[in-house]
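As a plain string of letters, each chain reads:
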Amino acid sequence: MKKHSGIDYEAVFQALPAATALLTTDLVYADVNEAYLRASGRTRSQIVGRYMFDVFPDHPSDPAASGTRNLQASLLRVAATGERDAMALQRYDVEDPDRPGRWEERYWSPVNAPVVDADGQVALVLHRVEEVTELLRARGGRFGGEDRTRAMEAELYTRARELQEVNERLRRAHAREREVALSLQSAMLPAPGPLGRHRGAVRYQPSVGSLNVCGDWYDLAELPGGCFAVAVGDVVGHGLTAAGVMGQLRSALSAAVRVADGPAAALDALGLYARSVEGAESATALQTVIDCDSRTVTYSSAGHPPPALLHADGTVEFLDRATDPPLGARYEHVPRIQAEAAFSEGATLVLYTDGLIERRREDIDTGLNRLADCLGRHGQADPDTLANTLLAELIPPGGNTDDTALVVVRL
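On a predicted model such as this, the values are computed, not experimentally measured, just so you know.

S.K.: Would you explain the pairing of strand S3 (residues 19-24) in this entry?
M.R.: Each regular strand carries side chains that alternate between the two faces of the sheet. With respect to burial, S3 is a largely interior element, six of its six residues being buried. Burial along S3 is two-sided: Ala-19, Ala-21 and Leu-23 and Thr-20, Leu-22 and Thr-24, pointing in opposite directions, are all buried. Sheet topology note: the S3/strand S10 (residues 122-131) ladder contains six bridges and is antiparallel. Following the sheet pairing, Thr-24 is matched in S10 by Leu-124. With three bridges joining them, S3 and strand S4 (residues 29-32) adopt antiparallel strand pairing. Across the sheet, residue Leu-22 finds its bridge partner in S4, namely Asp-31. Linking two consecutive strands that pair antiparallel, namely S3 and S4, is a turn of four residues; a positive phi of about 65 degrees is found at Leu-27 within it.

S.K.: I'm lost on the side chain of Arg-336 in this one. Help?
M.R.: Mapped onto the secondary structure, Arg-336 falls in the loop between strand S18 (323-324) and strand S19 (339-342). For the buried Arg-336, which has no salt bridge, the nearest side chain bearing the opposite charge is Asp-324, at an N-O separation of 4.2 Å. A polar side-chain atom of Arg-336 sits 2.8 Å from the main-chain carbonyl oxygen of Pro-325. A distance of 3.4 Å separates a polar side-chain atom of Arg-336 from the backbone oxygen of Pro-326. Excluding residues that lie within four positions of it along the chain, Arg-336 makes contacts with Ala-264, Leu-267, Asp-268, Ser-300, Ser-301, Ala-302, Asp-324, Pro-325, Pro-326 and Leu-327.

S.K.: Help me understand unusual backbone geometry, please; the structure alone is not making it clear to me.
M.R.: Most peptide bonds are trans, and most residues other than glycine sit at a negative phi. Phi angles above zero are rare outside glycine, and Ser-282 is one such case at about 70 degrees. Here Ser-282 is to be found in the loop between helix H9 (263-274) and strand S14 (284-291). Of the residues examined, Ser-282 reaches a relative accessible area of 40% and is grouped as partly exposed. One non-glycine residue, Arg-295, adopts positive backbone phi at about 55 degrees. Its place among the elements puts Arg-295 in the loop between S14 and strand S15 (296-302).

Criteria and cut-off values
Numbers given for residues are sequential positions, taken from 1 along each chain in its written order. A pLDDT threshold of at least 70 governs which residues receive local features in this predicted model, and a stricter bar of 80 or more applies before side-chain atom pairs are shown or counted, although totals over entire chains, interfaces and linings include all residues. Hydrogens and water molecules were not included; the side-chain quantities draw on all heavy atoms of the structure. Throughout this description, buried means an accessible area under 20% of the type-specific maximum (1.4 Å probe, protein chains only), exposed means over 50%, and partly exposed covers the range between. Each helix is a run of DSSP H or I of at least 4 residues and each strand a run of E of at least 2, with the numbering of both proceeding from the N terminus. DSSP-based pairing: two strands are paired if at least 2 bridges between them are found. Under this rule, positive means Lys or Arg and negative means Asp or Glu; His and the chain ends count for nothing. By definition here, a salt bridge exists when the distance from a side-chain nitrogen of Lys or Arg to a carboxyl oxygen of Asp or Glu is within 4 Å. Pairing of N or O atoms within 3.5 Å defines a polar contact, subject to two protein rules: one partner must be a possible hydrogen donor and the other a possible acceptor, and residues neighboring in sequence count only if both atoms are side-chain atoms. What makes two residues a contact is simply this: any of their non-hydrogen atoms within 4.5 Å.

Next comes the structure, spelled out in structure tokens:
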């Protein structure tokens, strides 16, 4: 059974009726099925192991040829984002393998899709094509012969190119929105201010190649009586809308915790406020208050992953005894609960959003265990170094599909 990056794909792949190829993320052929060989007029040895566009370059005598450019952009986009891409109809001429220098006019309908590994990262790209050259000619022939065939082919090709151009403009617009949203996010998530003698580090890492950004946030605030507050949250949604909602919720909770009687009361106030903010439904948030005199962490969670408290002896405690539903999830308001955990000097508190620990098709406990193991091995590092290490070890090398906010405070 053939494998690539630990993926066993042979049975499913060979059963596909359409002409289908598996490509590495560098666009080298990993395998092709029999239908692909028939459609391309090539043998397996002429394809497998070679770079795609060395096998099928653009027509060298056609300056308007764009098949290579369009297909390459689609395949690389799938590899980077993990999202399926159905392309518009493409004219992509193919050289006759038995008569070098003779090119055949061909039309294709390609669909490209990711094949992910156990960590949810794109390991291969599945490239499926349906050749529609004969279909176009046959349909044209019924309405007036070769001239009509050519006219219909030209019209369909023009419409397909127009559709592809529209899609490309939409992608550029989304990219601009992402850039603006990330700039807004950065402006609303400044570096932490002084926390007395305590040291802290914050990080925000956007997802790679995805619009699923700008819903995560953090906040740190000094409180009266030698206490300080640390919070994180996550808004459902992405882009400018999520960034706007995030800013409203962050500001509201930051104000509430300064006057409320504890984290639960602050989240109560935030929950009531969130009912009036469009897009705040089902947002999660976690608020902690650290009392340096009593050496306690009081916390309350609105559907958020539990913070990790790394004790001075190296043990990790997940603060999960005060978790309620996300903001706005209850039909009627119910007061939230809070809990308390003790710590000794030298402990480390870590708050984060789900992008740090969650993976597709993986139980959340696996991610929490991964976090605990990393903290146990690197917990003595200073907060800045520890924050960098957590991101480096816990987020997959190819980047995550969700953005991540992280706060590390040495107590």
